[in-house]
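Working through the structure, step by step
One letter stands for each residue in the lines below.
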Amino acid sequence: MGMDIDSLVRANKNELSEFEKIIEYRFTDLRLLQKALVHSSYAFEQAQAGQDNQTLEFLGDAVLDLAVGYILYRKYSEMKEGELTRLRSALVNETHLANMAREIELGRFLCLGKGEDASNGRNKSSILSCGYEAVIGAVFEDAGYSTVVGIIENFFLPAIKGKKEELLVADAKSRLQEALQEKYNEGPSYVVEAEEGPSHQKLFTIAAYFHGTVLGSGQAGSKKEAEQRAAAAALEQLQNDFV
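Residues numbered from 1 in each chain as written. Predicted model: local features only at pLDDT ≥ 70, side-chain atom pairs only at ≥ 80, totals over all residues. Heavy atoms only, no water.

This next bit is on empty space enclosed by the protein. Applying the stated criterion across every chain, the model contains two cavities of 30 Å³ or more. Quantified by volume, the largest cavity comes out at close to 70 Å³. Elements supplying a minimum of two residues to the lining of the largest cavity: α6 (81–92) and α11 (145–170). Tallied by class, the residues present in the lining of the largest cavity amount to four nonpolar, no polar and four charged. Estimates place the volume of the second largest cavity at around 30 Å³. (1 Å grid on protein atoms, 1.4 Å probe; cavity = no way out; pocket = protein on both sides within 12 Å on 5 of 7 lines; lining within 4 Å. Points joined across faces, edges and corners; volume = space filled by probe spheres on them. Helix = DSSP H or I, 4+ residues; strand = E, 2+ residues; numbered from the N terminus. Nonpolar A, V, L, I, M, F, W, Y, C, P; charged D, E, K, R; others polar.)

Printed below as a string of structure tokens:
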């Protein structure tokens, strides 16, 4: 018979306590935290079917969607629904959650099966993001919504502004096209103003023109990225002109 959750809690008392310090939350029921850290590969090896973090992950996924949605709704009430949806997706996708998990060293505390552990499972984005969701689910189950929103806010607020800017730049060309199309019935043109550096390390400077006037320019290692940055600068310029 393998190790059940209660025995794991006893065996891992110090590690669990260390993890609580990192996330700045003390569990009433430590079994919830322990279960959130048990990967299915470990439960399978220990013949403890179902004693893994998958249902807590399911719960945490829903809680994150709601809490991050609520935080964005409060913080950016001026943003359109489609933009808020995209911003939330960028914050709760696997890549971003895995990075958040790395920040709290989640991988160190996971119970993994031997094979998964040997193949660098502690740093796999899929395992880390699921573990992160499971921990959020465990906090919600342990303490309820208002506590978990506070914790999510602490974790996510530093990331939100950066993600918002990233998304706005990535989206800038289509937004500039729409803004000019709406007002003047035509779009901007993009001109490569400069191309520097060796072929493997080129730096492009591109300007967004409208009726012979430069609205904004941007620099990047690819033409596409430089155009996006030029469009973002142009949008900022237009907003300032309209204010």
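Moving on, we get to the pattern of salt bridges. Using the criterion set out here, one finds 14 salt bridges in the structure. Between Arg-31 and Asp-29 there is a salt bridge whose closest N-O contact spans 3.2 Å. Here Arg-31 falls in the partly exposed class, since its relative accessible area comes to 42%. In this structure Asp-29 comes out as partly exposed when scored by relative accessible area, which is 25%. (Salt bridge = Lys/Arg side-chain N within 4 Å of Asp/Glu carboxyl O. Buried < 20%, exposed > 50% of the residue type's maximum accessible area, 1.4 Å probe, protein only.)

A volume near 450 Å³ is recorded for the largest pocket. Around the largest pocket, the lining comprises 15 residues; the ones closest to its centre are Lys-80, Arg-175, Glu-178, Ala-179 and Leu-235. Looking at the lining of the largest pocket, the element that brings in the most residues is helix α12 (residues 172–184), giving six residues. Class assignment for the residues of the lining of the largest pocket results in four nonpolar, three polar and eight charged.

Before going further, it helps to examine the packing of helix α5 (residues 54–75) against helix α10 (residues 125–143). Across the interface, α5 lies against α10 with an axial gap of 6 Å and an inter-helix angle of 80 degrees. Viewed along their axes, α5 and α10 adopt a mutual orientation that is roughly perpendicular. Of the residues in α10, those in contact with Leu-56, Glu-57, Leu-59, Gly-60, Asp-61, Val-63 and Leu-64 of α5 are Cys-130, Tyr-132, Glu-133, Ala-134, Ile-136, Gly-137, Ala-138, Phe-140 and Glu-141. Each residue belonging to the contact of α5 with α10 can be placed in one class, and the counts come to 10 nonpolar, two polar and four charged. (Axes fitted to C-alpha atoms, helices over the stretch in contact; angles between N-to-C directions. Parallel < 35°, antiparallel > 145°, perpendicular 65-115°, else oblique. Contact = heavy atoms within 4.5 Å.)

Bear in mind that shape data such as this cannot, by itself, settle questions of function.
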